[in-house]
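A look at the structure
So you can see what is in the structure, the chains are spelled out below.
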Amino acid sequence: EPEVTQTPSHQVTQMGQEVILRCVPISNHLYFYWYRQILGQKVEFLVSFYNNEISEKSEIFDDQFSVERPDGSNFTLKIRSTKLEDSAMYFCASSEQGYSPLHFGNGTRLTVT
Amino acid sequence: GIQVEQSPPDLILQEGANSTLRCNFSDSVNNLQWFHQNPWGQLINLFYIPSGTKQNGRLSATTVATERYSLLYISSSQTTDSGVYFCAAGLAGDYKLSFGAGTTVTVRA
């Protein structure tokens, strides 16, 4: 069964550094998302991406964050100048259409020290 | 944005028992999904169910959109059903999902 793949599974970085989280969505899906989950808390929406542009973003997704689809398969989340409070599990997700089942990757656990 | 509330927050079951998890949402939705987060942190899609009833093995779900709630039924629970069950909802014209706080289910052998 096709799946969303994310790399790396764990990332440790120092405060102030930049990180890039990578995702390969399911190949025939058109809608891509990033969500995050701070340890023990609910899953929060960050950004949605369709037709090579951001379609919606949350208040969390400020100028520190950016997304890119550099080629036909990868979808990346860049966090500039990381802060301690950015420590969380970051999930990439994709769906075939806007209103269709959402499929998540296994996540990247980001730890900012 | 839409508010999603789940109950109960925690549920402890003996293997073989049945249970019902509830999700209430504050607005009319075009998108309602249930997910299971297993002990390894993976989020698995269980149901896409903006309305009606669906069944998948021992799990079934019902959404009554006009009354703004959805129910997830687990029958003959197994230890592998343990984890956190999330309900997530989205408004018309909005593809993002807002998640509830989840129900933590522990199934004991």
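Shown above is the structure to which this text applies.
All of the points below concern the structure found in this document. (Residues numbered from 1 in each chain as written. Chains lettered and ligands numbered in written order. Predicted model: local features only at pLDDT ≥ 70, side-chain atom pairs only at ≥ 80, totals over all residues. Heavy atoms only, no water.)

Comments concerning the overall build of chain B
Which entries qualify depends on this criterion: Secondary structure elements follow DSSP: runs of H or I of four or more residues count as helices, runs of E of two or more count as strands, with numbering from the N terminus. Burial here depends on accessible area, computed with a 1.4 Å probe over protein chains only, as a share of the maximum for the residue type. Under 20% is buried, over 50% is exposed, and the range in between is partly exposed. Whether two residues are in contact is decided by their heavy atoms: any pair within 4.5 Å suffices. In short, Shrake-Rupley with a 1.4 Å probe defines the accessible areas, and a residue's cover is counted only from the protein chains shown.
When helices and strands are counted, chain B shows 0 helices and 11 strands. Out of the 109 residues in chain B, the part that is buried amounts to 50%. Look at the contacts in chain B between residues 6 or more apart in sequence, and 55% of them connect residues 24 or more apart. A total of about 5000 Å² of accessible surface is found on chain B, and carbon and sulfur atoms cover 47% of it.

What to know about the pattern of salt bridges
Going by this rule: One speaks of a salt bridge when a side-chain nitrogen belonging to Lys or Arg is within 4 Å of a carboxyl oxygen belonging to Asp or Glu.
Scanning the entire structure with this criterion turns up 4 salt bridges over all chains. Lysine 96 of chain B is the partner of glutamate 56 of chain A in a salt bridge, and the nearest nitrogen-oxygen pair spans 2.6 Å. One end of the pair, glutamate 56 of chain A, is in strand S6 (residues 53-57); the other, lysine 96 of chain B, is in the loop between strand S9 (83-91) and strand S10 (98-99), on a second chain. In this structure glutamate 56 of chain A comes out as partly exposed when scored by relative accessible area, which is 23%. According to the relative accessible area criterion, lysine 96 of chain B is partly exposed, its value standing at 22%. Overlapping salt bridges bring together Glu56 of chain A together with Asp94 and Lys96 of chain B as one network.

Regarding the nonpolar core
Applied cut-off: By convention a nonpolar core is built from buried Ala, Val, Leu, Ile, Met, Phe, Trp, Tyr and Cys residues, the set being connected through side-chain atoms within 4.5 Å.
In terms of nonpolar packing, the biggest core is built from 22 residues, with Leu21, Leu32, Trp34 and Leu72 of chain B touching the most fellow members. Elements with a contribution of two residues or more to this core: strand S2 (10-14), strand S3 (19-25), strand S4 (29-37), strand S5 (43-48), strand S7 (59-64), strand S8 (69-74), S9 and strand S11 (103-108) of chain B. Counting 21 residues, the second largest nonpolar core, distinct from the first, contains Val4, Phe49, Val67 and Tyr90 of chain A.

Things to note about the sheet that holds strand S1 (residues 4-7) of chain B
Residue and element names in this part refer to chain B. What counts, and what does not: Two strands are counted as paired when DSSP detects at least two bridges linking them. Lines fitted to the C-alpha atoms define the axes, with helices restricted to the stretch that makes contact. Angles between their N-to-C directions range from 0 to 180 degrees.
Here we have 5 strands laid out as an open sheet, ordered S1-S3-S8-S7-S6, and antiparallel in their pairing. Unpaired on one side and paired on the other, S1 and strand S6 (52-56) mark the two borders of the sheet. On average, each strand axis in the sheet is tilted by 15 degrees relative to the strand beside it, whichever way the strands run. The pairing of S1 with S3 spans 4 bridges and is classified as antiparallel. Paired with glutamine 6 across the bridge in S3 is cysteine 23.

Examining the packing of aromatic side chains
Heads up, the condition is: Only Phe, Tyr and Trp rings take part, Trp by its six-membered ring, and two of them pair if their centres are within 6.5 Å. Stacked means planes under 30 degrees apart, edge-to-face means over 60, and tilted covers everything else. Two thresholds decide whether a charge sits over a ring: the Lys NZ or Arg CZ must be within 6 Å of the ring centre and within 35 degrees of the ring normal.
Enumeration according to the criterion identifies 16 aromatic pairs over all chains in this entry. For the pair tyrosine 33 of chain A and tyrosine 35 of chain A, a centre-to-centre distance of 6.2 Å together with 40 degrees between the ring planes defines the contact as tilted. On the basis of relative accessible area, tyrosine 33 of chain A is assigned to the buried category, the value being 1%. Connected via pairs of aromatic rings, a cluster forms that spans Tyr33, Tyr35, Phe45, Phe91 and Phe104 of chain A together with Phe35, Phe86 and Phe99 of chain B. Sitting over the ring of tyrosine 69 of chain B, arginine 22 of chain B keeps its end group 4.3 Å from the ring centre.

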